[in-house]
Amino acid sequence: MVSRPLFRVAIGAATVLFLASCAGAPAAEKRAVDPNDTSFPVEVTSCGHTSTIEARPTRAITLNQGATEVVLALGLEDQLAGTAYLDDAVPEKWREAYESVPVLSAEYPTADDLVKADPDLLYASYGSAFETKVAGTQAQLDKDGTPSYLSPFGCNDKAERPPTSFDAVWDEIDSVATAFGAPDRAEELRGEQQHRLDELARNRTGEGIDVLWFDSGDKVPFVGGNSGGPQLILDAVGARNIFGTLDDGWADGNWEDVVKSDPDVIVLADANWSTAADKISYLQNDPVLRQLRAVKAEAFVTIPFSESTPGVRLVDGAVSVSEQLATLDLNR
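Calculation criteria
- Residues numbered from 1 in each chain as written.
- Predicted model: local features only at pLDDT ≥ 70, side-chain atom pairs only at ≥ 80, totals over all residues.
- Heavy atoms only, no water.
- Helix = DSSP H or I, 4+ residues; strand = E, 2+ residues; numbered from the N terminus.
- Buried < 20%, exposed > 50% of the residue type's maximum accessible area, 1.4 Å probe, protein only.
- Contact = heavy atoms within 4.5 Å.
- Areas by Shrake-Rupley, 256 points an atom, 1.4 Å probe, with all protein chains shown as cover.
- Disulfide = S-S within 2.5 Å.
- pLDDT = per-residue confidence, 0-100.
- Pairing = 2+ DSSP bridges.
- Axes fitted to C-alpha atoms, helices over the stretch in contact; angles between N-to-C directions.
- Phe/Tyr/Trp six-rings, centres within 6.5 Å; stacked < 30°, edge-to-face > 60°.
- Right-handed = clockwise from strand over helix to strand, strands pointing away.
- Salt bridge = Lys/Arg side-chain N within 4 Å of Asp/Glu carboxyl O.
- Core = buried A, V, L, I, M, F, W, Y, C linked by side-chain atoms within 4.5 Å.
- Domains from an automatic or database assignment.

## Focus: the overall build of the protein
No. 1: The secondary structure content of the protein amounts to 13 helices and 13 strands.
No. 2: Across the 332 residues of the protein, 54% fall into the buried class.
No. 3: Considering only residue pairs separated by 6 or more positions, the protein has 64% of its internal contacts joining residues 24 or more positions apart.
No. 4: Carbon together with sulfur atoms contributes 49% to the accessible area of the protein, which is approximately 14700 Å² in total.

In structure tokens:
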């Protein structure tokens, strides 16, 4: 079963080259500081790590789709020198901005790619980005004078991750906007997203609907639990998660409980490594699962994987699920 993308990276001399190339000079010598920019220096903290950003970034690199899209949502693509690692397509509303930034790699870039990009800030969604074989640890980057920020939802130590909530998502956006020198944009974005959530709360198109959130897997379904993006979305639309007792954002469920619950609707995460079409095919071809009410009625709701994770597109995911639920004719 594949529940998340596999992080395949080149390991070797390029890693040493990246770390060595930054080590020869302290941060003050690496980057000129504009004495007229009084909004810097700033500090950003997550996962027990604090980075000091001495000057407004102009060559930042984002190392996962979630990080990239936070920067795009804030309209700060002109401060990026590169991006890497998509899970699925960047939405149309940010496509032009995304295409204006160099793509360093389909997955994680090599250390040599990072040397050439000459970053003044590294921002990632997952802790795997800050391994020695990729960008280097955050402690190593500190010594080399390159500030870094890791999404609080990507902390390697789960105990350091905040409880998943829209407020926690917005707190990350606040930190990123601060790091890029544009705190006012985060406030505007928070207000826009709260307005959309208020509208969903009024409509509650999922009221009374039992949902299986099917992320990936076959012999064992990997499902949305009670403390991650899927649960936030289902709460926002008023639907019930049949695996809402699983104490995790995503977790292994079992087909026996799915059959027993016989959900009204199945939400499918669509990702490069586990497409919605593949999951529908599996459900429709299994002799037991094809008897489920939702499968018989083709009561499927599909959203991109990137709209199911805690991040700037989570509200988009909630709106999409709400709109799709409103179009279903459920005979219960």
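## Details of the state of the cysteines
No. 1: Applying the stated rule across the entire model yields one disulfide.
No. 2: Covalent S-S linkage joins Cys47 and Cys155, the inter-sulfur distance amounting to 1.9 Å. Given an S-S torsion of about -85 degrees, the disulfide between Cys47 and Cys155 has left-handed geometry. Placement of the pair is Cys47 in the loop between β1 (42–46) and β2 (49–53) and Cys155 in the loop between β7 (148–150) and α7 (166–180), with a sequence separation of 108 residues.

## Considering the confidence of the model for the protein
No. 1: For the protein, mean pLDDT is 90; residues scoring 70 or higher make up 89% of the total.
No. 2: Of the regions scoring below 50 in pLDDT, residues 1–31 engages in 65 contacts with residues more than four places distant in sequence or in other chains.

## Quick look at the sheet that holds strand β6 (residues 121–124)
Adjacent strands of a sheet pair through backbone hydrogen bonds, lying either parallel or antiparallel.
No. 1: Pairing is parallel in the open sheet, where five strands are placed in the order β5-β4-β3-β6-β7. Among the strands making up the open sheet, the edge pair consists of β5 (103–105) and β7. Ignoring which end each strand starts from, the neighbouring axes of this sheet average 20 degrees apart.
No. 2: Examined bridge by bridge, β6 and β7 share three bridges and lie parallel to one another.

## Focus on the packing of aromatic side chains
For any pair of aromatic rings, the description rests on two quantities: the centre-to-centre distance and the angle between the ring planes.
No. 1: Tallied over the entire structure, the rule returns seven aromatic pairs.
No. 2: Between the aromatic rings of Tyr85 and Tyr108, the centroid separation amounts to 4.9 Å while the plane-to-plane angle is 75 degrees, which identifies the pairing as edge-to-face. Taken together, the positions of Tyr85 in the loop between β4 (80–84) and α4 (92–99) and Tyr108 in the loop between β5 and α5 (111–117) put the pair 23 residues apart, joining distant regions of the chain.
No. 3: Between Trp273 and Phe305, the ring centres sit 4.8 Å apart and the planes meet at 75 degrees, which makes this aromatic pair edge-to-face. Note that Trp273 is positioned in the loop between β12 (265–270) and α11 (276–285) and Phe305 in the loop between β13 (300–304) and α13 (314–327), a separation of 32 residues in sequence.
No. 4: The class of Phe305 is buried, set by a relative accessible area of 1%.
No. 5: One aromatic cluster in this structure is built from Phe214, Trp255 and Tyr282.

## Here's the deal with the pairing of β6
No. 1: Burial along β6 is two-sided: Leu121 and Tyr123 facing one way and Leu122 and Ala124 facing the other are all buried.
No. 2: Taken together, β6, helix α6 (residues 138–143) and β7 constitute a β-α-β crossover, and its handedness is right-handed.

## Examining the pattern of salt bridges
No. 1: Within the structure shown, the criterion is met by 15 salt bridges.
No. 2: Among the salt bridges present, the one from Arg190 reaches Asp171, with a minimum N-O distance of 3.4 Å. Note that Arg190 is positioned in helix α8 (residues 183–203) and Asp171 in helix α7, a separation of 19 residues in sequence.
No. 3: Where Arg313 meets Glu307, a salt bridge forms, and the shortest distance between an N and an O atom there is 3.1 Å.
No. 4: With relative accessibility at 3%, the residue Arg313 sits in the buried group.

## Things to note about the nonpolar core
No. 1: In this structure, Leu74, Ile173, Phe180, Leu212, Ile266 and Leu283 are the most contacted members of the largest nonpolar core, which totals 75 residues.
No. 2: Here this core gets nine residues from one element, more than from any other, and that element is α7.
No. 3: Structurally, this core is a two-domain feature, drawing no fewer than three residues from each of domain 1 (42–191) and domain 2 (205–327).
No. 4: In terms of nonpolar packing, the next biggest core, distinct from the first, is built from 18 residues, Ala84, Leu114, Val134 and Ala135 among them.

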